[in-house]
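Architecture at a glance
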Amino acid sequence: MAKKTGMAKRDARSTAIAATIFLFPAVVLLIVYMVYPIIDTFLISRLKWNGFYTAEKINVGWENWTTLINDPLFWNAFLHNVILMVCSILIQIPLGMALATFLDAGGKKFNIFKIIWFLPYLMSSVAVGFLFYYLLATNGGLISGFATLLSGKRTMVDLMGSSPQALYAVIGVIAWQYTPFYMVYFIAGYSNIDTSLYEAAVIDGANRRQYIFKVAIPLLGPIFKTACTMSLIGSLKYFDLIWNMTQGGPSGGTELMATYMYKMSFQKFNMGYGSAIAGGMFILITVIALLFQKVFVVKEDY
Amino acid sequence: MKKLVAVILAVLMVFTAASVLAEGGKNIPELTKEPMTILLWDIATEGLGKKVQEDAVNRFMEAYPNIKVEQVHQQNDTYKSQLQIALSAKEGQPDMYIHWGGGPMAEYYKSGCVNDITELFNTYDHPDFIDAAVAQSSYDGKILSIPFGGLSGCDIFYNKDVFAAAGIEAVPTTIAELEECCEKLKAAGYYPFSLANLPRWTGSMYYMYLVARHSGNAEFDAAYDGTGSFTSPAFIYAGEKIQEWVNKGYFNEGFNSMAPDNNDDRALLIQGAAGMMLHGSWQVSGIKNDDEEFYNESLGTFRFPIDEEAQAAGVPQNVEIGTAIGNGFSFNCWLDPEHTQVDEEKLKACYVLATQFYNDDIYNAAQVEGGGTPSIKGFDKTDDPNLKVVIDTFFNASNVQLWYDQYLPASVTEVHKDMMGELFGLTKTPEEVGQAQDEAMAKAREE
């Protein structure tokens, strides 16, 4: 066993001190804004409490949780989250990849597309919500306008007011908003591929298509999986656009777990049950994300 | 000797009276000379409301330079949740805040976030509020808030040009006539009613009025306290009538996904696509602002028609829907975070601000100018023909039923609104709608 010299010891100690100093702010922020709220959520979920500091807090044990497990509205919302998740992964990621491939092949002269296609992601969800509220409006909206034009008589299409159309319409809007994000993500992936690989493929006589399908896309595998995981988690905790467009309506047709939680906590003054929903969301999302990682993400080495 | 005492007493009384008169004849509490800060939450983010309310606060601060009022304007749509978050914290709670009365006010009070001001109200001066406004500011026999938003009725606004084009000569006075009128409008190619039902309280107006016309207040009160049910005849009648009207195409398409906050419903009426709109009386100033020419030339107003059959059976036909206070201020002044000791000094200051600066002559004049009607006696006259219908309807009411979505406990309100979506969307029957509301009401009563 090699004995550490005084210098090495000093090195180790200063590394430890530096690490502590540098990690301290991050750890404090994590504890204050992540760990504590999550623990507190679970504590509140065992209370019957309307959310006011001075109001009475009654410990009801697991009552909120048993209600949650038997609450058809919650599972209905969860089902919508799963539909949103599947559709998001199936629409946003292939589309983002296709756009990225197109831009990668085109190089600098397609920069204008890059900018235009990225715009939706830069808009706030509230703005997107308003934009599509008017675009999809039954009266005077674009869809109704086209339907009137094509059929030759006044036709009203009530997309947002009927189930299940409303859910799919919203999924379309969400795809419009988030596809650019995955596009940029894949562009970054493409630019990370070493040019020597491209040159080697060309020297070996590969054409552009063969390069993309046989070399580039397989190399994007890990990025693809990370993108899926992000989309999965994002879809399961989605809130803002739905809230702005439908508030979970019509008749719960677009209700998600997060909108249901919000309604319970802040509109029905039932903070305990709202926290139980949040806790349920936390558990469900963690389990699904871990399962996904386990099944699809295998450590690979190129 | 007795005479002397009496004289002294009389002299003293004159002096006291004189000192009161010196303050402008007002009996208001004397406020502290120490520096004080009042945190006030309202929803006056824009327009006339903001100007008038900021003006009231500024006049107060001029009169009491040692008191600083921090006025925080919250967005209407997110106000309730913002308030709840603020009240869930130990510190930084607003000292006075706006609300709409009804179920939430009771909830705030029961949670210890409202001062009981019955004593202040009975001791000191305040505007001569109409009885309905005082009633609506009270809960459990205690006065909990000072109204300042003005009253709102609920009436049918109609487009006179559209009525003329459809050959309708007189406004309907019975529900049968209203239906006839709808048929005529439909035949002439108009939507009879313009409705934006995304937030559901707009559809609820039809439901509330049909129930009120069919049973007065009797069946709603019974359903509320548990002696009756939301499946009793008036509720079933209202539900069936609404679904019949939906099926007959009396409402514009897509009503369940349209938002009144964007004024989509008002637009249909002004553009002449729809003939009528049942709505709150704030539409009067809204329409006037949007299109003054249309307002002057083409807008008409009538009260919700009567139910002849019910009238024959002796049901009063003057139970109206609306709010007598619009908005009220409740006070949340305490010395400790647990809210066990009242901060009397601050409470008095808040009371003076709400009763003497909000609700004073300048404030009320501005309200009237903007098309509002203060909930104070003596404001029941107007030259505006539309406002006249609103005010006459309101002041001739035997009872003004506060909007269900503000009257009911918060948890029931949400169920009620969901059910209005289902009822108008034809996805639930009137019985199912009633049962869901009964269930929610029973649960709320247990708590």
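As a convention, each chain's residues are numbered from 1 in the sequence order in which they are written. For this description, chains carry letters from A and ligands carry numbers from 1, given in the order in which they are written. Thresholds applied to this predicted model are a pLDDT of at least 70 for local features of residues and 80 or more for the giving and counting of side-chain atom pairs; totals over whole chains, interfaces and linings are not thresholded and use all residues.

A look at the overall build of chain A
Which entries qualify depends on this criterion: Elements are defined by DSSP. Helices are runs of H or I of four residues or more, strands are runs of E of two residues or more, and each kind is numbered from the N terminus. For this measure, only C-alpha atoms enter the radius of gyration; the expected value for a globule follows 2.2 Å times N^0.38, where N is the number of residues. Exposure classification rests on a simple neighbour count of other C-beta atoms within 10 Å of a residue's own: a residue reaching 20 or more is buried, one at 12 or fewer is exposed, and one in between is partly exposed. C-beta atoms are placed from the backbone. It is the C-beta atoms, placed from the backbone, that decide contacts: two residues are in contact if theirs lie within 7 Å.
The secondary structure content of chain A amounts to 13 helices and 2 strands. Against the globule reference of 19 Å for 302 residues, chain A gives a C-alpha radius of gyration of 25 Å, more extended than a compact globule. Looking at chain A residue by residue over its 302 residues, the buried ones come to 33%. Put simply, of all contacts in chain A between residues at least 6 apart along the chain, 68% involve residues at least 24 apart.

Considerations on the overall build of chain B
Tallying secondary structure elements over chain B gives 21 helices and 13 strands in all. A compact globule built from 447 residues should have a C-alpha radius of gyration of about 22 Å, and chain B, at 24 Å, falls within 12% of that. Projected onto the principal axes, the alpha-carbon positions of chain B cover approximately 85 × 50 × 45 Å. By the burial criterion, 50% of the 447 residues in chain B qualify as buried. Looking at chain B alone, contacts between residues at least 24 apart form 78% of all its contacts between residues at least 6 apart.

Points about the packing of helix α10 (residues 221-236) of chain A against helix α13 (residues 271-296) of chain A
Residues and elements named next belong to chain A. Cut-off, in case you're wondering: Angular values range over 0 to 180 degrees, each being the angle between N-to-C directions of two axes fitted as lines to C-alpha atoms, with helices fitted over their stretch in contact. When an angle is under 35 degrees it counts as roughly parallel; over 145 it counts as roughly antiparallel; between 65 and 115 it counts as roughly perpendicular; any other value is oblique. Two helices that cross are described as forming a left-handed crossing if the nearer one is turned anticlockwise from the farther one by less than a right angle, and a right-handed crossing if clockwise. Residue type decides the class: Asp, Glu, Lys and Arg count as charged, Ala, Val, Leu, Ile, Met, Phe, Trp, Tyr, Cys and Pro as nonpolar, and the leftover types, Gly among them, as polar.
The geometry of α10 relative to α13 is characterised by a closest axis approach of 10 Å and an angle of 165° between their N-to-C directions. Considering their axes alone, α10 and α13 lie roughly antiparallel with respect to each other. As α10 packs across α13, the resulting crossing turns out to be right-handed. Counting all contacts with α10, which are made through Lys225, Thr229, Leu232, Ile233 and Leu236, the residues of α13 involved are Ile285, Ile288, Ala289, Phe292, Gln293 and Phe296. Of the residues assigned to the contact of α10 with α13, the class counts are 8 nonpolar, 2 polar and 1 charged.

A word on the domain arrangement of chain B
Quick note on the threshold: Domains are outlined according to an automatic or database domain assignment.
For chain B, the assigned domains read domain 1 (1-26), domain 2 (31-129 + 327-369) and domain 3 (152-323 + 380-446). For domain 1 of chain B versus domain 3 of chain B, the separation of C-alpha centres amounts to 56 Å.

Focus: the environment of B:Ser145
Residue and element names in this part refer to chain B. Along the chain, the position of Ser145 falls in the loop between β5 (142-143) and β6 (146-147). Spatially, the C-alpha atom of Ser145 lies 8.3 Å from that of Asp116, the residues being 29 residues apart in sequence. Residues contacting Ser145, with those up to four places away along its chain left out, are Gly101, Met105, Ser137, Gly328, Phe329 and Ser330.

Some points on unusual backbone geometry
All names here are of chain B. Unlike most non-glycine residues, His339 shows phi in positive territory, near 60°. Along the chain, His339 turns up in the loop between β12 (328-331) and α16 (344-357). Phi at Asn359 is positive, roughly 75°, even though this residue is not glycine. Tracing the sequence through the fold places Asn359 in the loop between α16 and α17 (361-369). Among the residues examined, Asn359 registers 24 C-beta atoms within 10 Å and is labelled buried.

Let's talk about α10(A)
Residues and elements named next belong to chain A. Basically, it comes down to this: Multiply 1.5 Å by the residue count of a helix minus one, and that product is the helix's expected span. The arc in question is the one spanned by the directions pointing from the helix axis to the C-beta atoms.
Over its 16 residues, α10 runs 23 Å from end to end, which matches the ideal 22 Å to within 8%, given 1.5 Å per residue. Every buried residue of α10 is listed here: Ala227, Cys228, Ser231, Ser235 and Leu236. Taken down its axis, α10 places every buried residue within 155° of arc, on the same side. In this structure, the buried residues of α10 make contact with α3 (72-106), α7 (165-192) and α13.

Describing the packing of α3(A) against α7(A)
Packed helix pairs are characterised by how far apart their axes lie and by the angle those axes make with each other. Residues and elements named next belong to chain A. Two elements in contact, α3 and α7, have axes separated by 6 Å at closest approach and are oriented at 40°. It follows that α3 is oblique to α7 by the angle criterion. Helix-helix and strand crossings are classified by hand; for α3 and α7 the assignment is right-handed. A breakdown of the residues in the contact of α3 with α7 according to their chemical character gives 21 nonpolar, 5 polar and 1 charged.

Describing the environment of B:Pro374
Residue and element names in this part refer to chain B. Counting through the fold element by element, Pro374 comes out in the loop between α17 and α18 (385-395). Exposure remark for Pro374: the 24 C-beta atoms within 10 Å place this residue in the buried category. Spatially, the C-alpha atom of Pro374 lies 34 Å from that of Gly239, the residues being 135 residues apart in sequence. Those residues in contact with Pro374 that sit more than four places away from it in its chain are Gly150, Asn359, Asn364, Gln367 and Phe379.

Some words on the interface of chain B and chain A
Of the residues lining the interface, 30 residues belong to chain B; the matching set on chain A comes to 21 residues. The set of elements that each furnish at least two residues to the side of chain B that touches chain A consists of α3 (79-87) and α20 (410-424) of chain B. Ranked by residue count, the leading element in the side of chain B that touches chain A is α20(B), at 6 residues.

A short note on the environment of B:Thr32
Residue and element names in this part refer to chain B. The topology assignment puts Thr32 in the loop between α1 (2-22) and β1 (36-42). Given 15 C-beta atoms within a 10 Å radius, Thr32 is considered partly exposed. Thr32 sits 233 residues away from Asp265 along the chain, and the two C-alpha atoms are 49 Å apart.

Brief notes about the nonpolar core
Stated precisely, the cut-off is as follows: In plain words, the nonpolar core is the set of buried Ala, Val, Leu, Ile, Met, Phe, Trp, Tyr and Cys residues that C-beta atoms within 7 Å link up.
With 80 residues, the main nonpolar core has B:Phe193 and B:Val211 as its most contacted residues. Looking at which element gives the most residues to this core, the answer is helix α9 (residues 201-215) of chain B, with 8 residues. Each residue touching B:Phe193, except ones within four places of it in the same chain, is listed here: B:Tyr250, B:Phe251, B:Ala274, B:Met276, B:Met277 and B:Leu278. A:Ile171, A:Leu241, A:Ile242 and A:Ile277 belong to the second-largest nonpolar core, a separate cluster that totals 50 residues.

Some thoughts on the sheet that holds β12(B)
Through backbone hydrogen bonds, the strands of a sheet pair up, either in parallel or in antiparallel fashion. All names here are of chain B. Where we set the bar: DSSP calls a pair of strands paired once it identifies at least 2 bridges connecting them.
Spatial ordering of the open sheet is given by β2-β1-β3-β12-β6, a layout of 5 strands whose pairing is mixed. Each of the sheet's edge strands pairs with one partner strand only, and the pair in question is β2 (67-73) and β6. Sheet topology places β6 next to β12; 2 bridges connect them, and they run antiparallel. The partner of Ile146 across the bridge, within β12, is Phe329. Each of β1 and β2 touches helix α2 (residues 47-63); the most contacted strand, β2, lies at about 165° to it.

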